[in-house]
Each structure stands twice: as structure tokens, then as C-alpha cells.
Amino acid sequence: MPPNSANRDTSRAWAYHEATKHSEWSIQSSRHYLDWANQPLPLKIYTTLTPIPLPRDADQTGISALSAVSATDIGVEGERIPTLADLTRILYFSAGITKKRTYPGGEIYFRAASCTGALYEFELYVICTDLPGLRAGVYHFGPGDFALRLLRDGDYRGVLAAASAREESIVHAPATIVCTGTYWRNSWKYRARTYRHFGWDNGTILANMLAMNAALQIPAKPVLGFVDSEVNQLLDLDTEREVAFSMVSMGRMNNEPPERPPEVSKLSFPTVPLSQNEVDYPELREIHAASSLVSAEEVYQWRMQPTALQGPTPHPPALSGSDSTIAQVILRRGSTRKFKRTSITQEQLFAILKASTQGIWPGLPLLNDLYLIINSVDDISPGAYFYNHETGQLECLKEGAFRHEARHLGLQQDLPGDAAADIFFLANLDEILEPFGNRGYRAVQLEAGILGGKMYLAAYALHLGATGLTFFDDDVTSFFSPHAKEKSAIFLLALGHAEKIR
Ligand SMILES: Cc1cc2nc3c(=O)[nH]c(=O)nc-3n(C[C@H](O)[C@H](O)[C@H](O)COP(=O)(O)O)c2cc1C
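**Looking at the site of the ligand**
Neighbouring the ligand are 20 residues; R333, S335, R337, Q413 and T470 lie closest to it. Note that an oxygen atom of the ligand is positioned 2.8 Å from one of the side-chain N or O atoms of R333. Q413 is positioned with one of its side-chain polar atoms (N or O) 2.8 Å from a nitrogen atom of the ligand. Protein chains bury 89% of the 610 Å² of accessible surface belonging to the ligand in isolation. Take the shell around the ligand: its biggest share by element is three residues, from strand β14 (residues 465-469). A breakdown of the residues in the shell around the ligand according to their chemical character gives nine nonpolar, nine polar and two charged.

**Points about the packing of helix α13 (residues 346-356) against helix α17 (residues 439-461)**
Relative orientation of the contacting elements α13 and α17 amounts to 140°, with a least axis distance of 9 Å. The angle between α13 and α17 places the two elements in the oblique class. Crossing geometry of α13 relative to α17 is assigned as right-handed. Packed against α13, whose contacting residues are I352, A355 and S356, the element α17 presents L451, K454, M455, A458 and A459 at the interface. Here the contact of α13 with α17 is composed, by residue class, of six nonpolar, one polar and one charged.

**Thoughts on the pairing of strand β5 (residues 137-142)**
Within β5, six of the six residues are buried, leaving the element largely enclosed by the surrounding structure. Of the two faces of β5, the one lined by G137, Y139 and F141 and the one lined by V138, H140 and G142 are each fully buried. Strand direction decides the pairing type here: β5 and strand β6 (residues 147-153), joined by six bridges, are antiparallel. Pairing of V138 across the sheet is with R152, part of β6. Taking the residues between adjacent antiparallel strands as the criterion, β5 and β6 are bridged by four residues, where F146 takes a positive phi near 50°.

**Thoughts on the environment of L150**
Considering the arrangement of structural elements, one finds L150 in strand β6. Taking the C-alpha atoms as reference points, L150 and F269, 119 residues apart in sequence, are found 11 Å from one another. Residues contacting L150, with those up to four places away along its chain left out, are L49, I52, R135, G137, V138 and Y139.

**What about the sheet that holds strand β13 (residues 421-427)?**
Spatially, six strands are ordered β12-β11-β10-β13-β15-β14 in an open sheet, and the strand pairing comes out antiparallel. On the outer flanks of this sheet lie β12 (393-399) and β14, each paired with one strand and no other. Strand-to-strand twist of the sheet, defined as the mean angle between neighbouring strand axes without regard to direction, takes the value 25°. Pairing of β13 with strand β15 (residues 488-496), which is carried by seven bridges, proceeds in the antiparallel orientation.

**Section: the nonpolar core**
Core analysis: the largest hydrophobic core is formed by 150 residues, its most contacted members being I326, L349, L394 and F480. Ranked by the residues each element gives to this core, the list is headed by α17, at 14 residues. Contacts of L349, omitting those with residues within four sequence positions, involve I344, L372, I374, V377, I380, L394, A421 and L495.

**Quick notes on empty space enclosed by the protein**
Scanning the model with the defined rule gives two cavities of 30 Å³ or more in all. Considered as a void within the structure, the largest cavity measures approximately 80 Å³ in volume. Along the walls of the largest cavity sit S94, A95, R111, A113, S114, C115, Y120, E121, F122, D201 and I205, which together make up its complete lining. Within the residue set of the lining of the largest cavity, elements represented by two or more residues are α4 (84-95) and α8 (194-215). Looking at the lining of the largest cavity residue by residue, the classes come out as six nonpolar, two polar and three charged. Taken together, A95, R111, F122, E123, L124, F141 and P143 make up the lining of the second largest cavity. Per-element accounting of the lining of the second largest cavity gives the leading share, three residues, to strand β4 (residues 122-128). Residues of the lining of the second largest cavity, tallied by class, amount to five nonpolar, no polar and two charged.

**Brief notes about the pairing of β12**
Every other side chain in a regular strand lies on the same face of the sheet, so the side chains alternate between the two faces. Two strands pair when backbone bridges link them, and strand β11 (residues 383-388) and β12 are joined in this way by six bridges, in the antiparallel orientation. Bridge pairing links A384 to K398 in β12. Turn length for the β11-β12 hairpin, with the two strands adjacent in sequence and antiparallel, is four residues, and the turn residue G392 shows positive phi of about 70°.

**Looking at the environment of A214**
Residue position: A214 is located in helix α8. With relative accessibility at 5%, the residue A214 sits in the buried group. For the pair A214 and T72, spaced 142 residues apart in the sequence, the C-alpha separation amounts to 8.5 Å. For A214, the residues in contact, after removing those within four places along its chain, are I63, A68, A71 and I74.

Quick notes on the rules
- Residues numbered from 1 in each chain as written.
- Predicted model: local features only at pLDDT ≥ 70, side-chain atom pairs only at ≥ 80, totals over all residues.
- Heavy atoms only, no water.
- Near = heavy atom within 4 Å.
- Polar contact = N/O pair within 3.5 Å; in protein donor to acceptor, adjacent residues only side chain to side chain.
- Areas by Shrake-Rupley, 256 points an atom, 1.4 Å probe, with all protein chains shown as cover.
- Helix = DSSP H or I, 4+ residues; strand = E, 2+ residues; numbered from the N terminus.
- Nonpolar A, V, L, I, M, F, W, Y, C, P; charged D, E, K, R; others polar.
- Axes fitted to C-alpha atoms, helices over the stretch in contact; angles between N-to-C directions.
- Parallel < 35°, antiparallel > 145°, perpendicular 65-115°, else oblique.
- Left-handed = near helix turned anticlockwise from the far one by under 90°.
- Contact = heavy atoms within 4.5 Å.
- Buried < 20%, exposed > 50% of the residue type's maximum accessible area, 1.4 Å probe, protein only.
- Pairing = 2+ DSSP bridges.
- Core = buried A, V, L, I, M, F, W, Y, C linked by side-chain atoms within 4.5 Å.
- 1 Å grid on protein atoms, 1.4 Å probe; cavity = no way out; pocket = protein on both sides within 12 Å on 5 of 7 lines; lining within 4 Å.
- Points joined across faces, edges and corners; volume = space filled by probe spheres on them.

Right, here's the structure in full:
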């Protein structure tokens, strides 16, 4: 990595992380209130582009949900070119509108993947060559009317190939989906903490996307190393507001894309304003700039970083109880609003842990460590545990009844206190930032979202409930110390039997 790169100044990721911690004090002293009259739209709506409707009759796939969630290498030989029908299923089951709920104050259109505050700040764009049913182009996916809109006509994959420093899967992908986050759509509620939410909310989308690709036998890989400005320019983003966060290569073809065009023109297509006015949180733009990669050379060096982190050992999940397809599971998934205080089985817990920790970064280590509070799991004493990726075993840190502590750590909400088990994700940020710079901070948050999203799917495959949760950062570290004393809290997911079965 170039020594003078912003990405190398890891004090910036630390500063962001420290400044956005929740504590009892930060919550009590906050004067923030939700300005409902100024709530941003949860959609990007282009006003002048013609919609290309996606087929609504895409059939479901037959593969078992747990197999799709835990797939590592789908073992496809030769070329695999996604069709429009494949793409439609992937977009719908990753970011489509799956249900509508009416409340006294209005309606919420819920999506396939969980998202903090149901604010849905992520957009998906497709960059593809000619696919069966869709011509080469750069497209925006609109979940509102379930349509694509053509932003650029022609094969622009060469821009992604160059921006990713010729990352193998991107170079040979017939299609790549780029995910972008729009700050204000989430910061309206979560303010400066939104950059953490970017990782989580993009990650749950990727968990669904990877599982759907596996079910369709399409090789897919999340790619986080790219020259930010080149990707943002291709999508013509107003980067003060919206930025590319991750991409996923899909399919495989032998041919390489055409060279990138010498110039990628400005488009400036008008879109509907998100709300009457927007509040700027400069911390978000700052951490994004600090974690940006500026040249293909920097991307290449970033990707090649040796790391001391340990890779997870693959443990095939126990598949019993998984009788649904991944599409059925995604349609019935929803965050549990209340848990029954009943136990889950040990087999269920291990199936969820093993299925979710597979297939995120093939061949590379996980950045997050998993710590658990077990409240009620058959044949496991209540207590605090560390999940050892390598052995696939739980190591007891302390025995005891910790429902009260779990409730406190999960921002004093009843959900983690009532759940059968709470899975806390913690990470040693120094060990991650040292090799990966500030971009490692994006990666650890995104990975948490993917892991959490996979856990949601695995839990629902087993007819259990789950919900993501926020937490008091330093109290989580203290609770799991001394084992976790060098680590920072990144994510929390509660598991158990839902009071209401969906
Ligand atoms: C990372 C993450 C954190 C969340 N935190 C909370 C929380 O603290 N309390 C809560 O009640 N729900 C929480 N949720 C659940 C969201 O509110 C829920 O995903 C959203 O309303 C969309 O609904 P759905 O998941 O049922 O589709 C969280 C979800 C995620 C992904």
C-alpha cells in the first residue's frame, strides 16, 4: 500500500469507531428525535428513464435453504452465464419488496433482507455483458416498480475490471452487482453511526444474494477492493450523498471484457428528492474518504496483503429440520419482535453457527469472532461462550444465568434477554487495520452483516426466529473479558423461538 495513502492512516477508522459508540450515557444524553415530516424516501427514483419491467413469474429453486446458506464452492465447471430470469430472482430475493404492513401512521414495504430501521438505504446496480434476455449495459434496479433502468448502453465491465485491479472473478463475470449506500436515508435516524449500518445493511443483502446464487449454481464472490472513484463515476453517483460500498461478481465466462472506454461521461439523470431537506453528517463522508482506495496499484496491494488472521475450518452444518427452499425461507424471514423464553436445541444452534460461517471470503479468514450468551439451549449450561471457528466447538468463558446482562448489552431491549441465545460479533480492530488499513473497517462491518444475514436465513430455515440488534459497545467487550479484552463490539444477533410464527 502506498505509505501516504489515506487508507493507511488507521487513526481515522479508530476515531470514527470511538466517536460512534453507544453507551448508557450517549443514549440518555442524546437529544435526537425523528423528524417524521422530513423522513427520506426509501427508494432512488429516476424521473426520466423508461422502466424495463422484470418478469414477475420467476419460479423458485429447489435447493435446501441451509445448503444454499452454507455453500462454499458450488463446483460449476466451465462457463455459467446468468439469464435475465436468474438475475431477476437474485435481485428480488436480495433486495425486492417481500411484504407490506399497514400501520396507523402509514405503510412500510419490507424487503427480502433485514435492514436497520427498515430504512433501506442500499441501491443495487447491474453491470453486464449481453445476457440471455438482457442487453449489455449499466442498469439501476428499482424495487418499487420492480424494474431496471438503463443508465449506460453497452459493455462497461472493463471499467470494473480496471477498478478492481483485474480481480479474477470480476474480469470473468458476465454480470456484477454494485451495492451503493445513501447516507441520508439511514442517518436521518442513526446519524453518524450510519457508516457502521452501511456494512450491516449491505451485508444482509449479500447474504441473500450469495445464497440465491448458490441455489442457482452461479459462482458469486463479494469484492471489496476497488478504486472507489472509478466505480462511483460509472454509476454517476453524487458522492456527497451516495457511494459504492461493495460489489458481487456473478457467473463466469472465458472471454475478457472489452477495454474500458477512455472516458466515462457524466449523466446527471434527475431523481426524486429524498426529503425536504437533508442533514449532513460529515463524519460519514470522512470515514468513507479515509477508507477509499485511489489507484489500481493500491487496490492490488490491498488485495495481496498477507494477514496473520486464521481462516475458518469448514464444518458441514447438520442439515436436519431444513425442509424449505432458500426462496421460501427468504419470503418468511422477518425480524422477531418478541421471543418466547423456550429453549432451542444444541443441534439447531450448531447448524446456525456452522452454516453462517462458511463461504464468505473463500480461502480467507473471517474478521469477526463470535461470542455467545446462552440463555436456554438444550444440553448447554447457561453462560458466556466463545465459538472456536477452527474446532467448531463452544468454549465456556463463565457459567451463569445472564438474561439480565444480555438485555442490558442489547441496548436494554427485551429481545436479547428473552432470546434462547445471543451471538455477539467482536473483532480485534488493530489486527484488521494493520494489514488492510481503514478499508478493513468497511470489511469487518460488511462481513458482520453477511454473517448476521446468513444467521437470519439459517434460523428461519429451522423454523426459529432471529433479529439483529444494537448494543452498548464497551459493555459488550467488558462482559466477555478478559478473553475479549483487545476486541471491539461489531454486531449482535438474537436467536430463539418467536412468539408469533410468520
Ligand atoms: C444490524 C441490525 C440491527 C438491528 N437492530 C435492531 C434493534 O436494536 N431493535 C429492534 O427491535 N430491531 C432491530 N433490527 C431489526 C430491524 O428493525 C428490521 O430488520 C427492520 O425493521 C426490517 O424488518 P424485517 O427484518 O422484519 O424485514 C435490526 C436489524 C439489523 C439488520
